[in-house]
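Below are the chains, spelled out letter by letter.
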Amino acid sequence: MATCAARRALTVGSRWWSRSLTGARWPRPLCAAAGAGAFSPAATTTTRRHLSSRNRPEGKVLETVGVFEVPKQNGKYETGQLFLHSIFGYRGVVLFPWQARLYDRDVASAAPEKTENPAGHGSKEVKGKTHTYYQVLIDARDCPHISQRSQTEAVTFLANHDDSRALYAIPGLDYVSHEDILPYTSTDQVPIQHELFERFLLYDQTKAPPFVARETLRAWQEKNHPWLELSDVHRETTENIRVTVIPFYMGMREAQNSHVYWWRYCIRLENLDSDVVQLRERHWRIFSLSGTLETVRGRGVVGREPVLSKEQPAFQYSSHVSLQASSGHMWGTFRFERPDGSHFDVRIPPFSLESNKDEKTPPSGLHW
């Protein structure tokens, strides 16, 4: 497992802005407060912008990390593409893409295609649109700087039947939307510090990007496809707070002569306004195909009550749900508080919990 050893890294919630460079719009991070990690483009005599790590002792020079590339408006990034996360600011590398169906309740889709309309949350019909996400590795040096804004052990799996743990995680594994990728290049043959980097990727200077998939990565992807697959993404905005939900089916386990189905769901909260707000409460409604409807209320999420501000606009976390049925639905609200003490509710887009109907055997840990 990868560890999150801090040395030089990005600051969580780095804010990005654009400036004209050789006729294009380029992303550039603002510097964080003293002592915090952040990337800052170093001035050069060329028209390209170099990335530099900015968490250094007094008097030390900036360390060059790489060179920004123009973000792709069309097409996909290839395996081995290095990037900065545009929201959370960590360094990472693309392992492989996922083609997901995005159900955006803020956008009226023109194409009919597949639709979703879970029971119990209004009657609005939402049409799905194909959207690219990526399975990525996070640089372990950046984990301490993003841990308050995004869980670095959010991708979890069911453990073996004979394992005392119900779940386990692979640290530094994440899912990233296409628009969150800020691509860059590096001359370093091992630019990302993660235990799986050299196990999954091989340096080949004749390729672009110069990191190609080893057979280990292809085998890992194929064997664990059902438990890694990202298929549906749900998004909705209320009063400038955007909520994105991605559910994952994890498998089935037998408990007390019954079948228990498990799902993981990843949620990102984004403040699209400049006003500071704080998450105070959550309210979930969980419907099971067996006919049960459960209500869950509580303070904050995963033990936190995150503040979303202009400087740190996003918070991302994962949680789990289990049902004694092969499918169900979830929806609800988050209650936020403004600086003046007033509150408002933000809708959580409804999403389906679906199991793999053709599942032959439950996952027994992550296969290598």
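Keep in mind the model is a prediction, meaning the values are calculated, not measured.

Colleague: Tell me about the overall build of the protein, and name the residues and values.
Modeller: A count of helices and strands for the protein gives four helices and 24 strands. Each of the 368 residues in the protein was classed as buried or not, and the buried ones make up 51%. Sequence separation of at least 24 residues holds for 65% of the intrachain contacts in the protein that already meet a minimum separation of 6. If you sum the accessible surface of the protein, you get close to 17,400 Å²; carbon and sulfur atoms cover 47% of it.

Colleague: Please give an account of the nonpolar core that cites residues and values.
Modeller: Counting residues in each nonpolar core, the largest one holds 64 residues, and the members touching the most others are Trp284, Phe334 and Phe336. Contact partners of Trp284, with chain neighbours within four places excluded, come to Tyr265, Ile267, Glu294, Thr295, Val296, Tyr317, Met330, Trp331, Gly332, Phe334, Ile348 and Phe351. Counting residues in each nonpolar core, the second largest holds 14 residues, with Phe83, Phe88, Cys143 and Ala314 among its members.

Colleague: So what about the environment of Arg282? Which residues, and what values?
Modeller: By the secondary structure assignment, Arg282 is in strand β19 (residues 277–288). Along the chain, Arg282 and Arg335 lie 53 residues apart, while their C-alpha atoms are 6.2 Å from each other. Residues contacting Arg282, with those up to four places away along its chain left out, are Val296, Arg297, Gly298, Arg299, Gly300, Val301, Thr333 and Phe334.

Colleague: Which residues make up the pairing of strand β24 (residues 343–354), and what are the values?
Modeller: Where strand β23 (residues 327–337) and β24 come together, ten bridges link them in antiparallel fashion. Paired with Gly332 across the two strands is Ile348, which belongs to β24. Here β23 folds back onto β24, and the loop between the two strands holds five residues, one of which, Gly341, carries a positive phi near 95 degrees.

Colleague: Hey, could you go over the packing of aromatic side chains for me, with residue numbers and the actual values?
Modeller: Scanning all chains against the criterion turns up 18 aromatic pairs. Its end group placed over the ring of Phe248, Arg264 keeps NZ or CZ at 4.3 Å from the ring centre.

Colleague: I'd like a description of unusual backbone geometry, backed by residues and values.
Modeller: Of note, the amide linkage connecting Ala208 to Pro209 takes the cis form, showing an omega dihedral of 0 degrees. Mapped onto the secondary structure, Pro209 falls in the loop between β14 (201–203) and β15 (211–213). Even without being a glycine, Glu239 presents a positive backbone phi close to 50 degrees. Assignment of secondary structure puts Glu239 in the loop between β16 (232–238) and β17 (241–255).

Colleague: Report on the side chain of Glu236, specifying residues and quantitative values.
Modeller: Note on placement: Glu236 falls in strand β16. A distance of 2.6 Å separates polar atoms of two side chains, one belonging to Glu236 and the other to Arg347.

Colleague: How would you explain the side chain of Asp104 if you had to name every residue and give the values?
Modeller: Within the element layout of this structure, Asp104 appears in strand β7 (residues 91–104). Within the structure, Asp104 has its side chain in polar contact with the backbone nitrogen of Asp106 (distance 2.9 Å).

Colleague: So what's going on with the pattern of salt bridges? Which residues, and what values?
Modeller: It is possible for side chains bearing opposite charge to pair when their charged atoms get close. A full pass over the atoms with the stated rule returns 17 salt bridges. One salt bridge in this structure joins Glu236 and Arg105, with 3.4 Å as the shortest N-O distance. In this pair, Glu236 is assigned in strand β16 and Arg105 in the loop between β7 and β8 (115–116), connecting sequence segments 131 residues apart. Each member of the pair, Glu236 as well as Arg105, carries the same accessibility label: buried.

Colleague: Quick rundown of the environment of Ala140? Include the residues and the values.
Modeller: Within the secondary structure layout, Ala140 lies in the loop between β9 (126–138) and α1 (143–146). The spacing of Ala140 and Gln193 is 53 residues in sequence and 5.5 Å in space, taken between C-alpha atoms.

Colleague: Before we move on, could you go through the environment of Gln81 and cite the residues and values that matter?
Modeller: Structurally, Gln81 can be placed in the loop between β5 (63–68) and β6 (82–85). By relative accessible area, which is 8% here, Gln81 ends up buried. Along the sequence, Gln81 and Leu95 sit 14 residues apart, while their C-alpha atoms lie 8.0 Å from each other. A polar contact is formed between the side chain of Gln81 and the side chain of Glu69, at a distance of 3.2 Å.

Colleague: Now, about the confidence of the model for the protein: what can you tell me, with residues and values included?
Modeller: Of all residues in the protein, 73% attain a pLDDT of 70 or more, and the chain-wide mean is 80. pLDDT under 50 marks residues 40–47. Its contacts with residues more than four places away, or in other chains, come to 19 contacts. The low-confidence segment residues 109–121 (pLDDT under 50) makes 38 contacts with residues lying over four places distant or belonging to another chain.

What counts and what doesn't
Position numbers for residues start from 1 in each chain and track the written sequence from start to end. Selection of residues for local features in this predicted model requires a pLDDT of at least 70, selection of side-chain atom pairs for listing and counting requires 80 or more, and totals for whole chains, interfaces and linings are taken over all residues. Excluded from the side-chain calculation are hydrogens and water; included are all heavy atoms of the structure. Strands here mean DSSP runs of E at least two residues long; helices mean DSSP runs of H or I at least four residues long; both are numbered from the N terminus. Each residue is placed in one exposure class: buried if its accessible area under a 1.4 Å probe, protein chains only, is under 20% of its type's maximum, exposed if it is over 50%, and partly exposed if it falls in between. Only heavy atoms enter the contact rule, under which two residues are in contact if any of them lie within 4.5 Å. Using a 1.4 Å probe, accessible areas were evaluated by the Shrake-Rupley method; residue-level cover was limited to the displayed protein chains. To define a nonpolar core, start from buried Ala, Val, Leu, Ile, Met, Phe, Trp, Tyr and Cys residues and group those joined through side-chain atoms within 4.5 Å. Here, any two strands with at least 2 DSSP bridges between them count as paired. Here a pair means two rings of Phe, Tyr or Trp (six-membered ring of Trp) with centres within 6.5 Å. Their orientation is stacked below 30 degrees between planes, edge-to-face above 60, and tilted elsewhere. In this scheme, Lys NZ or Arg CZ marks a charge over a ring once it lies within 6 Å of the ring centre and within 35 degrees of the ring normal. What qualifies as a polar contact is a pair of N or O atoms within 3.5 Å, subject to a donor-acceptor requirement within protein and to the restriction that residues adjacent in sequence count only when both atoms come from side chains. One speaks of a salt bridge when a side-chain nitrogen belonging to Lys or Arg is within 4 Å of a carboxyl oxygen belonging to Asp or Glu. What pLDDT reports is the predictor's confidence in each residue, on a scale of 0 through 100.

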